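Here are the chains, one letter per residue:
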Amino acid sequence: MAQCAVTETILNGSVASEQFFHMFLKCHICNNEFDEGQKHTRLLPCLHSLCFECLNKTKVNDQLQCPTCNVTHSVSNVDETCPRDNTRRDLMDFVKVKHSLMTVCCSVCPSEIAIHRCTQCAEFLCDDCQKAHMRVSATRNHSLFELAELKKSNNVEAFCRPLMCSKHPDTALNKYCTKTTCRKPVCVNCVIDNCREANDHKIENIDSVANAKRQLMKDQISNTEDISKQIQSIINEIKDEQNEILSMEKSVEDEIDKTFDSLEHILWNRRVDLKKTLKSNVLSKQSHLKAQEDNLRKMKLDIEESNKFANQAVSCPSSPAVLQVYPTIQNKLNTLGTQYFDKKPHEMATFGFNTKGLHSEFQTKLVGMTNIWSVSAFPPNCKADVGNILEQNKSANVYVKLRDFQKLAPFKESGLNETNMDIVVKDPTGNETKCWRAMKKGSTDELKVTVKPTMTGRHALLIRILDRLILQMDFESTPGLKYPGRYYYAIKVDIKVKKPLDKSNLVFELGIARMSAIGNNLVVEGSKFAWSMIGAHHVDCDSICLHIAHNNHLLYHEVLTKNETGSTMERVFGFLLDTKSRQWKVFDHKIEKEICVVESVDCSENLYPVVAGNNPNSVEVTATFMKV
């Protein structure tokens, strides 16, 4: 028998004793060890365990809340919902022996130390009981193991005690009834009494059934371990994202500080400039007033000195002397009395600091021009709707729905315009072209994106936020046929058979049709305004064949590849639409060979290329428009 993970854990000693006992061998409520009485183990649907006594105490109105995970279980039928877990009995004995600090007592004489174990009786025996065991005929041939040897070995089978039938206590459960209403271990007496095959009961060997169930559990364990690895991978991604968020927080904080430091510097420089301007204006006014003052003082001094001299002349007693200087004095005084000077100061204290609307406007501008944007777009919930067909060199609107993990609008605090989002179309050559985008009118989470493919072939619409890919949507661009004229285009088709097709299963369809014929139809073949060729399983050839038909008349048939797993095909088909002659011609593009001509094509309305793949579970089909 293969060792279970719990056994390996014990052998490797990777779980501390008390932790292991609490996890597997003790009730999660009373913390007592499980026994064979009222404290026997009951397994809850969440795979946590309670003793039978605590289970009955905890259950209220057929509801039981697990004390470990807090999940509530409906337990109207306790035995069915919370079965007795007899795997713990053997595990308890195994741990008692393997744990070096535990003394194992005799099952018959509890006061004595056990030195043997009987596999059949599942009992620990002291020396006297072992000897008595060997003397009694009923137990003489039982398998006895020394505990000292069991402590060293990994013999799990030595601890496997037989499970007895509850209806026939002397008989071991060694059969299994597989009937839907039964499905349980039974003893031979139960088979005779209740589980007869005549009553639709089917009895199988219990070990065979158990081994099959073990394998199923191993497969499920393997599956859940894979899921656990995926979960751990996502947890790692979450941790990385948390660290990235913290790093981004520091980066944005630094950017905020740098921006406002720069603004402070700008404000400081403006303060200095304003003070310089103020000082210049003050100096100019002061200079003008000083010059005026100096000139007036000079005039005043001249008057005072002239008046002193004239007063001295007036007081002179000599008339001849006075008359000799009179003309000069008179001229000077006349000049002083009639000279012009400004009666007001040349400058006034008329200047100030204009801040009209500064605080309110500055605050408004600052709030409007600085903000923190945040987007919680969850890629699995984000979708884009391209519509049916995108034409080369023709603009089309694509509606993109962005959602967070709760399927709510992803924009926080600010709207789309402040978000560092790039929306581009990547053409078949790898070149990217930015797309015009705007929030759809009346929406808070749906974008209207204008897409204009510049060539035919497979394109990708990419939406990134801070170089993080949020959404990628692939689409094909068709030539966009206009009338009248001759138009040639080519499509490369790759086929790989994953498993053989049944009957006449369709693989692909290539053609031209009016938009009304395309719609949501899976195929356009047979439609009034559609002309196409199909690749399908042909029963007579037992191969995937090319069929071209028109008006119920087969125009062309060719085997493309075998209907076998692993079969492949690669072909490039060319198509020429001549609207004047109303012909649609099909070519083998690589060898430039005409395959078929379809006549009487109605070109009175626009026609569009049709490309479709079918039965993806059986055949992998890739169709790509080629640059011609």
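All chains use their own residue numbering, which begins from 1 and follows the written sequence. Selection of residues for local features in this predicted model requires a pLDDT of at least 70, selection of side-chain atom pairs for listing and counting requires 80 or more, and totals for whole chains, interfaces and linings are taken over all residues. Just so you know, side-chain values use all the structure's heavy atoms and leave hydrogens and water out.

*Asks:* I tried to follow the overall build of the chain on my own but got confused; where do I start?
*Replies:* Secondary structure elements are defined from DSSP: runs of H or I of at least 4 residues count as helices, runs of E of at least 2 residues count as strands, and each element is numbered from the N terminus. Along the chain, the regular secondary structure elements total twelve helices and 31 strands. The C-alpha radius of gyration computed for the chain amounts to 50 Å, which surpasses the reference 25 Å derived for 628 residues by more than 25%, pointing to a less compact arrangement than a globule. A principal-axis box enclosing the C-alpha atoms of the chain has dimensions of 185 × 95 × 45 Å. Burial statistics for the chain: of 628 residues in total, 32% are counted as buried. Any two residues whose heavy atoms approach within 4.5 Å are treated as being in contact. Intrachain contacts of the chain at a sequence separation of at least 6 include 56% that bridge at least 24 residues. For a compact globule the rule gives 2.2 Å times the number of residues to the power 0.38, and the radius of gyration it is set against comes from C-alpha atoms. Exposure is judged per residue with a 1.4 Å probe applied to protein chains only, and the accessible area is read against the type maximum: over 50% gives exposed, under 20% gives buried, and values in between give partly exposed.

*Asks:* Just to check I follow, could you spell out the layout of surface pockets for this structure?
*Replies:* A probe as big as a water molecule, rolled over the atoms, marks out the empty space that is left. Put simply, the second largest pocket is a space of about 1600 Å³. In this structure, the second largest pocket is lined by 36 residues; those nearest its centre are E241, I245, S374, V375 and L466. Sorting the residues of the lining of the second largest pocket by element identifies α9 (206-314), β11 (374-375) and β21 (468-478) as the ones contributing at least two each. Sort the elements by how many residues they give to the lining of the second largest pocket and α9 lands first, with 16 residues. Cavities and pockets were defined on a 1 Å grid built over protein atoms only: a cavity is a set of grid points that admits a 1.4 Å probe from which the probe cannot escape, a pocket is an open set flanked by protein on both sides within 12 Å along at least five of seven lines, and lining residues are those with an atom within 4 Å of any such point. Grid points are joined across faces, edges and corners, and a volume is the space filled by probe spheres set on the points.

*Asks:* Just to check I follow, could you spell out the nonpolar core for this structure?
*Replies:* Nonpolar side chains tend to gather and get buried jointly when the protein is soluble and globular. Counting residues in hydrophobic clusters, the biggest one holds 31 residues, and the most contacted among them are F575, W584 and V601. For this core, the secondary structure elements donating two or more residues are β22 (486-497), β23 (506-513), β24 (530-538), β25 (543-550), β27 (568-578), β28 (583-588), β29 (593-598) and β31 (619-626). In terms of residue count, β22 provides more of this core than any other element does, five residues in total. When residues no more than four places from it in sequence are discounted, the contact partners of V601 are I512, W531, L577, R582, Q583, W584 and L607. Joining through side-chain atoms within 4.5 Å is the link that ties buried Ala, Val, Leu, Ile, Met, Phe, Trp, Tyr and Cys residues into a set, and such a set is a nonpolar core. Counting residues in hydrophobic clusters, the runner-up holds 23 residues, among them V375, V400, C435 and I465.

*Asks:* Where do I start with the sheet that holds strand β16 (residues 421-426) in this structure?
*Replies:* The pairing of strands in a sheet happens through backbone hydrogen bonds and is either parallel or antiparallel. Across the sheet, five strands lie side by side as β13-β21-β20-β16-β17; this open sheet has mixed pairing. Here the strands that pair on one side only, and so sit at the sheet edges, are β13 (390-391) and β17 (432-434). Pairing between β16 and β17: three bridges, direction antiparallel. Each bridged residue has a counterpart across the sheet, and for K426 the counterpart in β17 is E432. A pair of strands is treated as paired once DSSP finds two or more bridges between them.

*Asks:* So what exactly am I meant to see when it comes to the packing of α9 against helix α10 (residues 319-338) here?
*Replies:* For any two helices packed against each other, the geometry comes down to the angle between their axes and how far apart the axes lie. Note on geometry: axes are lines fitted to C-alpha atoms, helical ones only across the stretch in contact, with angles between N-to-C directions running from 0 to 180 degrees. Orientation of α9 relative to α10, taken along the N-to-C sense of each, is 155°, at an axis distance of 10 Å. Relative to α10, the element α9 lies roughly antiparallel. Of the two elements, α9 crosses α10, and the hand of that crossing is left-handed. Listed contacts from α10 to D302, I303, S306, N307, F309, A310 and A313 of α9 are V322, V325, I329, K332, L333 and L336. Residues are grouped as follows: nonpolar covers Ala, Val, Leu, Ile, Met, Phe, Trp, Tyr, Cys and Pro; charged covers Asp, Glu, Lys and Arg; every other residue, Gly included, is treated as polar. Its residues placed into classes, the contact of α9 with α10 shows nine nonpolar, two polar and two charged. Roughly parallel means an angle under 35 degrees; roughly antiparallel means over 145; roughly perpendicular covers 65 to 115; every other angle is labelled oblique. It is the rotation of the near helix from the far one that decides the hand of a crossing: anticlockwise by less than a right angle makes it left-handed, clockwise makes it right-handed.

*Asks:* It is not clear to me how the environment of C66 should be interpreted in this structure. Could you clarify?
*Replies:* Within the element layout of this structure, C66 appears in the loop between β3 (63-65) and β4 (72-74). Beyond its immediate sequence surroundings of up to four residues, C66 is in contact with L44, C46, H48, V71 and H73.

*Asks:* What's the story with the domain arrangement of the chain in this structure? I'm lost.
*Replies:* How big an interface is tends to be stated in terms of accessible area lost as the parts join. Just so you know, the domain bounds were taken from an automatic or database domain assignment. Each assigned domain of the chain is listed here: domain 1 (1-163), domain 2 (175-201), domain 3 (211-338), domain 4 (379-478) and domain 5 (486-626). Look at where the C-alpha atoms of domain 3 and domain 5 centre, and you get two points 77 Å apart.

*Asks:* For this particular structure, what's the right way to read α10?
*Replies:* Residues spaced three or four apart along an α-helix point in a common direction, a consequence of the helix completing one turn every 3.6 residues. Helix length check: α10, at 20 residues, gives a terminal C-alpha distance of 27 Å against a target of 28 Å (1.5 Å per residue), a fit within 8%. When the local axis directions of α10 are compared, the greatest deviation, roughly 45°, occurs at Y326, which is followed within four positions by the proline P327. The residue sitting at the N-terminus of α10 and contributing the capping side-chain oxygen is S318; that oxygen lies 3.3 Å from the backbone nitrogen of A321. Multiplying one less than the number of residues by 1.5 Å gives the expected span of a helix. Bending is quantified residue by residue as the angle between axes fitted to the seven-residue window ending at that residue and the seven-residue window starting at it. Identification of polar contacts relies on pairs of N or O atoms within 3.5 Å, with a donor-acceptor requirement for protein atoms, meaning one able to donate a hydrogen and the other able to accept it, and with residues adjacent in sequence counted only if both atoms are side-chain atoms.

*Asks:* I'm lost on the pattern of salt bridges in this one. Help?
*Replies:* For side chains bearing opposite charge, pairing can occur when the charged atoms are close. In the sections that follow, a salt bridge refers to a side-chain nitrogen of Lys or Arg positioned within 4 Å of a carboxyl oxygen of Asp or Glu. Within this structure, the stated rule accounts for 21 salt bridges. Of the charged contacts in the structure, one is a salt bridge between K290 and D294, with a shortest N-O distance of 2.9 Å. Residue K290 and its partner D294 are located together in helix α9, separated by four residues, close to a single helical turn. K290 sits in the partly exposed class, given a relative accessible area of 44%. Residue D294 is classed as partly exposed on the basis of its relative accessible area of 38%. One continuous salt-bridge network, built from bridges that share partners, spans K39, E53 and K57.

*Asks:* Explain a nonpolar patch on the surface here, please?
*Replies:* The patches reported here contain residues having more than 30% relative accessible area and no salt bridge. Joining distances are 9 Å for like charges and 5 Å for nonpolar side chains (Val, Leu, Ile, Met, Phe, Trp, Tyr). Computed by Shrake-Rupley with a 1.4 Å probe, the accessible areas treat only the displayed protein chains as cover when residues are assessed. On the surface, I227, I231 and I235 cluster together to form a nonpolar patch covering roughly 230 Å² of accessible area. Position of I235 among the secondary structure elements: in helix α9. Judged by its relative accessible area of 34%, I235 is partly exposed.

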